[in-house]
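Structural description and commentary
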Amino acid sequence: MARSERSLRVSQTGREQAKAAFERKGWTQDYLAGCVRCTRQVVGQFFGGKAVEKRLFLAICTELGLEWGDIAELEPVGQPQPSSIDDLVQTVRETIRDKIQKQCGTMRVLDMTAPIGLNHIYTHVNILEKITGRRRKEIPELLQECDFDNFDRFGLSGITEKRVPGPDAVKKYPKLMILGKPGAGKTTFLKHLAIECIGGMFQAERIPLFITLKDFAEMPKQPDLLDYLIQLFSSYGFASNDTSVEQLLKQGNLLILLDGLDEVRESDSSRVLQQIHHFAKQFDGNQFVITCRIAAREYTFEQFTEVEIADFDAQQIAYFANRWFSGKDDRVKAERFIQKLKKDKPIRELATNPLLLTLLCLVFEESGSFPSNRSELYKEGLDVLLKKWDAKRNIERDQVYKKLSLKRKEDLLSQIALDTFERGDYFFKQKEVERYITDYIRNLPDANTDTEALQLDSEAVLKSIEAQHGLLVERARCIYSFSHLSFHEYFTARKIVESPNPQALEQALQSLVGHITEKRWREVFLLTVGMLPSADYLLQLMKHQIDSLLAGDEKLQQFLVWVEEKSRSVEAADKPAAVRAFYFTLDRTLDRALDRALDRALVRALDRALIRALDRALDPVLDRALDRALHLALDPELQRQLKQLKHQLPDTRDWENCQRWWQANGQVWTEELRSVMIQHRNIGHDWQFSDSQKKLQKQYQGANKLLVDCLNSDCYVSREVRQSIEDTLLLPWRG
């Protein structure tokens with residue numbers, strides 16, 4: 001007699017030995033299940049004398065310190081003949097295990113050169129039990145979820161709804177419809193469930209079946225779901241008959257994973273929906289999970305609970321990246337990838353989508369960085385969502401509006417982006433989007449100009465853009481936004497760059513520079529200079545607009561004159577513009593020039609003296625700053641005056657005397673220090689800028705920083721224009 005190679009059960013006498021060994025250990029069944037990496041039900045089946053997968057049987061024996069051959073029941077040679085439904089389940093699981101592993105154990109997307117193991121890359125999924133687009137919220141409420149005052153890009157798609165782990169949602173709802181945007185990880189999650197189930201880690205009492213609904217819909221002779229399942233079991237190597245499959249279904253022993261309802265052709269849709277409806281009703285006791293894109297079609301399954309797969313958060317992004325690069329034995333690159341993402345918020349925002357995160361990993365893996373011209377990366381991401389993702393999987397979707405090509409969809413999205421971005425509208429009403437679509441498609445060749453027909457077409461186009469490409473998403477009931485702020489900005493820049501003629505482009509660029517002091521337009525500027533064939537004209541416009549910011553303020557012009565004079569008075573290896581920038585901001589990052597270090601120490605001392613004169617708090621920073629200034633000062637007269645000022649200061653160890661001294665002498669002493677600084681270093685002037693002038697200074701500084709960032713980006717600019725701008729940065733207005 002030989003033992004079965006598929007499953008084993010404990011013999012009657014072996015059960016007593018097993019129970020005794022278990023009691024000696026003093027464990028719980030949950031603890032033993034954790035050691036073996038199986039479910040508690042499997043442990044219960046083991047001690048109950050029911051059939052258990054052989055590998056789990058052996059693992060349990062090892063943990064209990066038993067020889068499996070001493071306690072296992074002998075079985076006849078050949079495929080075991082199940083004596084109960086539990087035995088049948090275990091037999092089927094053992095039979096189909098390798099096929100399920102092969103079908104669901106790997107993934108290969110986009111430009112991967114080879115498949116990657118699912119377990120090597122899988123990142124746990126979170127579920128929103130309330131569908132985002134069905135929340136009854138108004139635009140002001142959605143804006144409160146986003147930190148637009150600080151322009152927190154990561155928060156644009158932030159959802160405040162509670163998240164639950166994916167497997168918990170499956171356990172909670174026996175019939176589940178998982179909705180999600182394109183590339184949200186729906187298929188990967190179903191494959192993970194199948195692998196976990198066949199491995200005994202999730203619903204080990206069930207048999208997982210992963211079914212691609214597109215394949216089912218396009219089967220020759222259009223079998224019903226029951227016949228399809230029987231064929232599927234046969235292809236997996238289980239010599240089943242109608243009775244055994246029906247027996248498993250009636251007992252509720254299947255985990256039926258139906259993937260990609262949105263990928264079913266329109267012509268097959270009604271039949272497939274009816275099949276799922278009747279099948280789920282007939283075999284109600286089984287676990288069903290269906291995936292579908294949000295807004296794909298109006299499906300109604302009364303028995304199913306609809307949930308939404310959540311975007312990745314920062315923790316999931318980091319976990320995915322670590323798994324990706326660690327699988328390629330490159331942990332250093334994983335750390336660099338995460339650090340780069342932290343510094344680059346627009347790109348980090350794309351990483352909330354698992355498909356786009358995969359694209360980012362592929363790009364970074366190849367080059368060790370992200371493209372310096374971000375528009376190229378965004379275009380590649382859009383190509384994935386608009387074309388490649390479906391094409392790679394041989395999915396041909398029905399064209400909702402035949403005259404609306406992909407190019408025209410991009411043109412339409414660009415128009416929507418520019419108009420809404422100019423108004424500062426990140427969220428917009430559905431009717432507003434439909435008006436844009438109506439105005440656009442009525443001008444297409446052979447368009448139906450009937451008002452009612454245009455309205456119906458605009459609704460269909462909006463839903464197709466949301467479902468097929470995920471570029472517009474419903475954030476609350478009848479309220480939309482772009483899926484990522486980065487795409488909103490990209491399409492805004494695209495509309496500007498692709499103006500129909502030179503005059504229109506010139507006008508668009510002139511309009512753009514009017515936003516140069518607005519922080520939210522920063523990325524649009526950077527994208528636009530990168531997308532233009534030549535950025536010369538835009539950069540010159542920006543320079544002129546920046547210079548004019550302070551042109552009408554006499555005191556600020558005097559300040560710029562001082563900045564120019566002061567920068568010329570010091571010896572420095574840096575470019576003149578860099579020295580001017582130092583004195584404009586007293587930038588503490590520049591530390592190479594001795595006299596600038598002295599100026600910084602003196603300004604620090606003056607700052608602390610002013611603070612101490614105001615609140616009379618003991619502050620050792622003032623003493624340290626004066627000591628450093630004395631150390632750096634090479635002018636004997638400056639040294640003498642600084643020493644004299646330092647000797648006037650009271651002993652800080654006598655707190656009460658120090659307080660009295662500053663109250664009586666602090667203001668006079670501070671003005672003496674300021675006078676010395678002005679006399680010897682031409683710094684420390686009390687400009688007494690008003691609040692409005694300080695605001696203008698800040699805007700001027702930020703706009704110049706943007707201009708320099710544009711110059712240093714991967715844009716095409718002539719050598720003459722670059723040199724001209726660099727030579728005249730931070731200089732007084734010269735008309």
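Below is a summary of the structure that appears in this document.

Definitions and limits used
Residues numbered from 1 in each chain as written. Predicted model: local features only at pLDDT ≥ 70, side-chain atom pairs only at ≥ 80, totals over all residues. Heavy atoms only, no water. Helix = DSSP H or I, 4+ residues; strand = E, 2+ residues; numbered from the N terminus. Buried < 20%, exposed > 50% of the residue type's maximum accessible area, 1.4 Å probe, protein only. Contact = heavy atoms within 4.5 Å. Areas by Shrake-Rupley, 256 points an atom, 1.4 Å probe, with all protein chains shown as cover. Pairing = 2+ DSSP bridges. Axes fitted to C-alpha atoms, helices over the stretch in contact; angles between N-to-C directions. Phe/Tyr/Trp six-rings, centres within 6.5 Å; stacked < 30°, edge-to-face > 60°. Parallel < 35°, antiparallel > 145°, perpendicular 65-115°, else oblique. Left-handed = near helix turned anticlockwise from the far one by under 90°. Nonpolar A, V, L, I, M, F, W, Y, C, P; charged D, E, K, R; others polar. Core = buried A, V, L, I, M, F, W, Y, C linked by side-chain atoms within 4.5 Å. Right-handed = clockwise from strand over helix to strand, strands pointing away. Salt bridge = Lys/Arg side-chain N within 4 Å of Asp/Glu carboxyl O. Expected span 1.5 Å × (residues − 1). Arc of directions from axis to C-beta.

On to the overall build of the chain, then. Each helix and strand counted, the chain has 34 helices and 14 strands in total. Looking at the chain residue by residue over its 735 residues, the buried ones come to 55%. Taking as baseline every contact in the chain between residues at least 6 positions apart, the subset at least 24 positions apart corresponds to 74%. Summed over its atoms, the accessible surface of the chain is roughly 34,600 Å², and 47% of this surface lies on carbon and sulfur atoms.

All right, on to the sheet that holds strand β13 (residues 472-476) then. Spatially, three strands are ordered β12-β14-β13 in an open sheet, and the strand pairing comes out antiparallel. For this open sheet the edge positions go to β12 (428-429) and β13, each flanked by a neighbour on one side alone. Two elements, β13 and strand β14 (residues 479-482), share four bridges in a ladder whose sense is antiparallel. Of the residues in β14, the one forming a bridge with Leu472 is Phe482. Helix α22 (residues 451-469) rests against β13 and β14 of the sheet, and its axis sits at about 95° to β13.

Turning next to the packing of aromatic side chains. Evaluated as defined, the whole model comprises 25 aromatic pairs. For the ring pair Phe216 and Tyr228, a centre distance of 5.2 Å and an interplane angle of 65° mean the geometry is edge-to-face. Residue Phe216 is located in helix α11 (residues 213-217), and its partner Tyr228 is located in helix α12 (residues 225-235); the two are separated by 12 residues in the primary sequence. Among the residues examined, Phe216 registers a relative accessible area of 0% and is labelled buried. Ring geometry for Phe337 versus Phe370: centroids 5.7 Å apart, planes at 65°, classification edge-to-face. A residue pair is termed long-range when its members are at least 10 positions apart, and Phe337 in helix α16 (residues 331-343) and Phe370 in the loop between α18 (354-367) and α19 (374-392) qualify at 33 residues.

Two modes of strand pairing occur in sheets, parallel and antiparallel, and in both the strands are linked by backbone hydrogen bonds. Reading across from one edge, β6-β5-β11-β7-β10-β9-β8 is the order of the seven strands in this open sheet, with mixed pairing throughout. The strands lining the two open edges of the sheet, one partner per strand, are β6 (163-165) and β8 (207-212). Averaged over neighbouring strand pairs, the angle between their axes works out to 30° when direction is ignored. The pairing of β8 with strand β9 (residues 254-259) spans six bridges and is parallel. Within β9, the residue paired with Leu209 across the bridge is Ile256. Each of β7 (175-180), β8, β9, β10 (287-293) and β11 (305-309) is contacted by helix α10 (residues 186-198), which is oriented at about 160° to β9, the strand it contacts most.

Time to look at the packing of helix α15 (residues 314-326) against α16. Helix-helix packing is described using two parameters, namely the angle between the two axes and the distance between the axes. At their nearest, the axes of α15 and α16 sit 8 Å apart, and the two run at 150° to each other. As summarised for this structure, α15 and α16 are arranged roughly antiparallel, according to the angle between their axes. The crossing of α15 and α16 is right-handed. From α15, Ile317, Ala318, Ala321, Asn322, Phe325 and Ser326 reach across to α16, where they touch Arg331, Lys333, Ala334, Phe337, Ile338 and Leu341. Across the contact of α15 with α16, the residue classes break down as eight nonpolar, two polar and two charged.

Another point: the nonpolar core. Membership of the largest hydrophobic core comes to 193 residues, with the highest contact counts inside it found for Phe337, Leu539 and Met542. With nine residues, α18 is the largest single contributor of residues to this core. Setting aside anything within four residues of it in sequence, one finds Leu539 in contact with Val529, Leu707, Cys710, Leu711, Val717 and Ile725. In this structure, Ala18, Val43, Phe46 and Leu66 belong to the second largest nonpolar core, which totals 23 residues.

On to the pairing of β9, then. Within β9, six of the six residues are buried, leaving the element largely enclosed by the surrounding structure. What you see with β9 is no split at all: Leu254, Ile256 and Leu258 on one side and Leu255, Leu257 and Asp259 on the other are buried throughout. Running through helix α14 (residues 266-282), the crossover from β9 to the neighbouring parallel element β10 is right-handed.

One can describe the packing of helix α25 (residues 522-531) onto helix α33 (residues 691-712) by two numbers: an axis separation of 9 Å at closest approach and a directional angle of 30°. Between α25 and α33, the angle is such that the two are roughly parallel. As α25 runs across α33, the sense of the crossing is right-handed. Together, Arg522, Phe525, Leu526 and Val529 of α25 and Leu706, Asp709 and Cys710 of α33 make up the contact between the two elements. Looking at the contact of α25 with α33, its residues break down into five nonpolar, no polar and two charged.

One can find Gln430 in helix α21 (residues 430-441). In this structure Gln430 comes out as buried when scored by relative accessible area, which is 16%. Ignoring any residue separated from it by four or fewer positions in sequence, one finds Gln430 in contact with Leu462, Glu474, Cys478 and Tyr480.

Turning our attention to unusual backbone geometry. Residues other than glycine predominantly adopt negative phi, and peptide bonds predominantly adopt the trans conformation. The backbone of Gln203 sits at a positive phi, close to 45°, despite the residue not being glycine. Among the secondary structure elements, Gln203 is positioned in the loop between α10 and β8. Residue Gln203 is classed as buried on the basis of its relative accessible area, which comes to 12%. Its identity as a non-glycine residue notwithstanding, Gln222 has a phi of 45°, on the positive side. Structurally, the position occupied by Gln222 is in the loop between α11 and α12.

A separate point is the pattern of salt bridges. Pairing is possible between side chains that carry opposite charge, provided their charged atoms lie close to one another. Evaluation of the coordinates by the stated rule reveals 37 salt bridges. Put simply, Asp30 and Arg40 hold a salt bridge, and the shortest N to O gap is 3.5 Å. Of the two residues, Asp30 sits in helix α2 (residues 29-36) while Arg40 sits in helix α3 (residues 40-47), which places them 10 residues apart along the sequence. Overall, the relative accessible area of 46% leaves Arg40 in the partly exposed class. Ionic pairing is found between Arg374 and Glu523, a salt bridge with its closest N-O pair at 2.7 Å. One end of the pair, Arg374, is in helix α19; the other, Glu523, is in helix α25, and 149 residues separate them in sequence. Since its relative accessible area comes to 8%, Glu523 is described here as buried.

Moving on to the environment of Lys214. Examined against the element boundaries, Lys214 turns out to sit in helix α11. Sequence-wise, Lys214 and Glu263 are 49 residues apart; in three dimensions their C-alpha atoms are separated by 5.9 Å.

Our focus in this paragraph is helix α24 (residues 502-513). Helix length check: α24 (12 residues) gives 17 Å between terminal C-alpha atoms against 16 Å at 1.5 Å per residue, within 8%. For α24, the set of buried residues is Ala508, Leu509, Leu512 and Val513. Viewed along the axis of α24, the buried residues span an arc of 135°, placing them on a single side of the element. Of the residues in α24, the exposed ones pointing more than 90 degrees away from the buried face are Gln503 and Gln507. Elements that come into contact with the buried residues of α24 comprise α23 (485-497), α25 and α26 (536-549).

Note that Val717 resides in the loop between α33 and α34 (719-728). Through-space distance from the C-alpha of Val717 to that of Asp536 is 5.3 Å; in sequence the pair is 181 residues apart. Excluding its chain neighbours within four sequence positions, the residues that come into contact with Val717 are Asp536, Leu539, Leu711 and Arg722.

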